[in-house]
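Secondary and tertiary structure notes
Here are the chains, one letter per residue:
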Amino acid sequence: MLVKKGEGQLSENFYSSSCPNFENIVRQVVVTKISQTFVTIPATVRLFFHDCFVEGCDASVLIASPNNDAEKDSPDNLSLAGDGFDTVVKAKQAVEAQCPGIVSCADILAVAARDVVLLAGGPAYNVELGRRDGLISQASRVAGNLPQPEFNLIQLNTMFAKHNLTQTDMIALSGCHTLGFSHCSRFANRIYSFTPSNPVDPTLDPAYAQQLMRECPQNVDPQIAINMDPVTPQTFDNVYYQNLVGGKGLFTSDQVLFTDSASQLTVRDFANNPGDFNGAFITAMRMLGRVGVKTGNQGEIRRDCTAFN
């Protein structure tokens, strides 16, 4: 039987005989890590997305190179918070203690991403398993593969479509911006230098623009980060979409989802119906988790998530 690469070879019960307790082991590590720092939550879900969009969901983003030329060293990935990496490494160590050489780092990251969303108040879903860990991790292969904060709808849709993700999937995954933070530099153009005649982006709510100027003055410390969702920054909910309706999207790539008529109806639906958002989010996360996966005898099961065997 010929199976399309990656499709259909993942299954929810992949480890049911070889490491039946694996998801519980990961969950315990995630709970402990969140109790130490909230950053664990946005950091882990963002790490999963950045992994899947470069080489597929294969834990390539976790590799550390002595020459600083691995995926994680690319400019687009330098802002990935260390707490996401630490969560996966600690979970892998705990899993290895019970089931050495069985569970991939790629699957641990996929499960940890599901867990942090759930523990922040998001929907529960089953994760398809059976990914193997990739053998390529190069900084030079990242550029052009991750969405940028200034993207418009066509650019977003084009990039997501390359991975078999629909516009609805893209809008639902953008909902992860209900959590986490951004450095001021990523949106400063919207409040200080949008156009010569309009220094402030007219799609920004004026009061929100003023708030952003207070939090991000023009010569702000580049370490300063502000919440992506100014209303419920630590809860995974549909308030992100309500913010977009109110002109409170932080990035151009957030606000465009509402200002572009081609996507506005979906944003309105998610803003008004949390159940619709949660259902679309589950579908999108499961589709994201299938991107470019290695299965069967492809790749390897890493012993240490930060190094090839």
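Now for a description of the structure that goes with this document. (Residues numbered from 1 in each chain as written. Predicted model: local features only at pLDDT ≥ 70, side-chain atom pairs only at ≥ 80, totals over all residues. Heavy atoms only, no water.)

**With respect to the overall build of the protein chain**
We count it as follows: The numbering of helices and of strands both runs from the N terminus, where a helix is a DSSP run of H or I of at least 4 residues and a strand a run of E of at least 2. Both definitions apply: the radius of gyration is a C-alpha atom measure, and the globule rule equals 2.2 Å times residues to the power 0.38. Burial here depends on accessible area, computed with a 1.4 Å probe over protein chains only, as a share of the maximum for the residue type. Under 20% is buried, over 50% is exposed, and the range in between is partly exposed. Only the protein chains shown count as cover for residues, and the accessible areas themselves come from Shrake-Rupley with a 1.4 Å probe. Note that His is not counted, nor are the chain ends; the positive residues are Lys and Arg, and the negative ones are Asp and Glu. Think of each charge as sitting on NZ of Lys, CZ of Arg, CG of Asp or CD of Glu.
Each helix and strand in the protein chain was counted, giving 12 helices and two strands. Traced from its N-terminal end to its C-terminal end, the protein chain shows the element sequence α-α-α-α-α-α-β-α-α-β-α-α-α-α. In summary, the protein chain has a C-alpha radius of gyration of 19 Å against a globular reference of 19 Å for 309 residues, a match within 12%. Dimensions of the protein chain, computed from the C-alpha atoms along their principal axes, are close to 60 × 40 × 35 Å. Expressed as a percentage of its 309 residues, the buried residues of the protein chain come to 49%. If you sum the accessible surface of the protein chain, you get close to 13500 Å²; carbon and sulfur atoms cover 52% of it. Taking the 23 positively charged and 31 negatively charged side chains of the protein chain as two groups, their mean positions are separated by 3 Å.

**Considering the packing of helix H11 (residues 261-272) against helix H12 (residues 274-288)**
For any two helices packed against each other, the geometry is given by the interaxial angle and the distance between the axes. The condition is simple: The convention used is that axes are lines fitted to C-alpha atoms, helices contributing only their stretch in contact, and that angles between N-to-C directions extend from 0 to 180 degrees. Any angle from 65 to 115 degrees is called roughly perpendicular, while one under 35 is roughly parallel, one over 145 is roughly antiparallel, and all others are oblique. In this description, contact between two residues means that some pair of their heavy atoms is separated by no more than 4.5 Å. All amino acids are sorted into three groups, where Ala, Val, Leu, Ile, Met, Phe, Trp, Tyr, Cys and Pro are nonpolar, Asp, Glu, Lys and Arg are charged, and the leftover types, Gly among them, are polar.
Relative to each other, H11 and H12 sit at 115°, their axes nearing to 5 Å. Classed by the angle they form, the pair H11 and H12 counts as roughly perpendicular. Across the interface between the two elements, Asp-269, Phe-270 and Asn-272 of H11 pack against Pro-274, Asp-276, Phe-277 and Ala-280 of H12. Tallied by class, residues from the contact of H11 with H12 come to four nonpolar, one polar and two charged.

**Some details on the side chain of Glu-96**
Along the chain, the position of Glu-96 falls in helix H3 (residues 82-98). Apart from the residues lying within four places of it in its own chain, the contact partners of Glu-96 are Gly-101, Ile-102, Val-103 and Arg-303.

**As for the layout of surface pockets**
Rules: Grid points spaced at 1 Å and placed over the protein atoms alone form the basis of the search, with a cavity being a set where a 1.4 Å probe fits but cannot get out and a pocket an open set showing protein on both sides within 12 Å along at least five of seven lines. Lining residues have an atom within 4 Å of a point. Grid points are joined across faces, edges and corners, and a volume is the space filled by probe spheres set on the points.
The computed volume of the largest pocket comes to approximately 1000 Å³. What lines the largest pocket is a set of 39 residues, among which Arg-46, His-50, His-177, Phe-181 and Phe-251 lie closest to the centre. Every element with two or more residues in the lining of the largest pocket is listed here: helix H2 (40-52), helix H5 (153-161), helix H6 (167-174), strand E1 (181-183), helix H10 (252-259) and H12. Top contributing element to the lining of the largest pocket by residue count: H2, with seven residues. Grouping the amino acids of the lining of the largest pocket by side-chain chemistry returns 24 nonpolar, 11 polar and four charged.

**Overview of the nonpolar core**
Note the cut-off: Throughout this description, the term nonpolar core refers to a set of buried Ala, Val, Leu, Ile, Met, Phe, Trp, Tyr and Cys residues connected via side-chain atoms within 4.5 Å.
By size, the foremost hydrophobic cluster in this structure holds 77 residues, and its most contacted members are Phe-22, Leu-257 and Leu-288. No other element matches the 10 residues that helix H4 (residues 105-119) contributes to this core. Discounting residues that sit within four places of it in the chain, Phe-22 has contacts with Tyr-15, Val-95, Val-103, Asp-107, Ile-108, Val-111 and Leu-129. Counting residues in hydrophobic clusters, the runner-up holds 12 residues, among them Leu-204, Cys-216, Ile-226 and Phe-251.

**Thoughts on the pattern of salt bridges**
Note the following rule: When a carboxyl oxygen of Asp or Glu is within 4 Å of a side-chain nitrogen of Lys or Arg, the pair counts as a salt bridge.
Considering all chains together, one arrives at 14 salt bridges under this definition. One salt bridge connects Glu-12 with Arg-286, and the closest N-O pair in it is separated by 3.0 Å. With Glu-12 in the segment before helix H1 (22-36) and Arg-286 in helix H12, this residue pair connects regions lying 274 residues apart in the sequence. Since its relative accessible area comes to 37%, Glu-12 is described here as partly exposed. We note a salt bridge from Asp-115 to Arg-27, for which the minimum N-O separation is 2.9 Å. A residue pair is termed long-range when its members are at least 10 positions apart, and Asp-115 in helix H4 and Arg-27 in helix H1 qualify at 88 residues. On the accessibility criterion, Asp-115 (0% relative accessible area) is buried. Under the relative-accessibility criterion, Arg-27 is labelled partly exposed at 28%. Three or more residues are tied together by salt bridges with common partners; here these are Glu-12, Glu-128, Arg-286 and Arg-290.

**Here's the deal with the state of the cysteines**
What counts, and what does not: Cysteine sulfur atoms are paired as a disulfide whenever they come within 2.5 Å of each other.
The full count for this structure, using the stated rule, is four disulfides. Disulfide pairing places Cys-19 opposite Cys-99 at an S-S distance of 2.0 Å. Every disulfide takes its handedness from the sign of the S-S torsion; for Cys-19 and Cys-99 that torsion is 80°, giving right-handed. Of the two residues, Cys-19 sits in the segment before H1 while Cys-99 sits in the loop between H3 and H4, which places them 80 residues apart along the sequence. By relative accessible area, Cys-99 is classed as buried at 9%. A disulfide bridge connects Cys-105 with Cys-305, and the sulfur atoms are separated by 2.1 Å. An S-S torsion of about -95° defines the bridge between Cys-105 and Cys-305 as left-handed. Here Cys-105, found in helix H4, pairs with Cys-305, found in the segment after H12; they are 200 residues apart in sequence, far enough to count as distant. On the basis of relative accessible area, Cys-105 is assigned to the buried category, the value being 0%. Counting its disulfide-bonded cysteines in sequence order, the protein chain shows a connectivity of 1-4, 2-3, 5-8, 6-7.

Shape descriptors only; they carry no functional weight alone.
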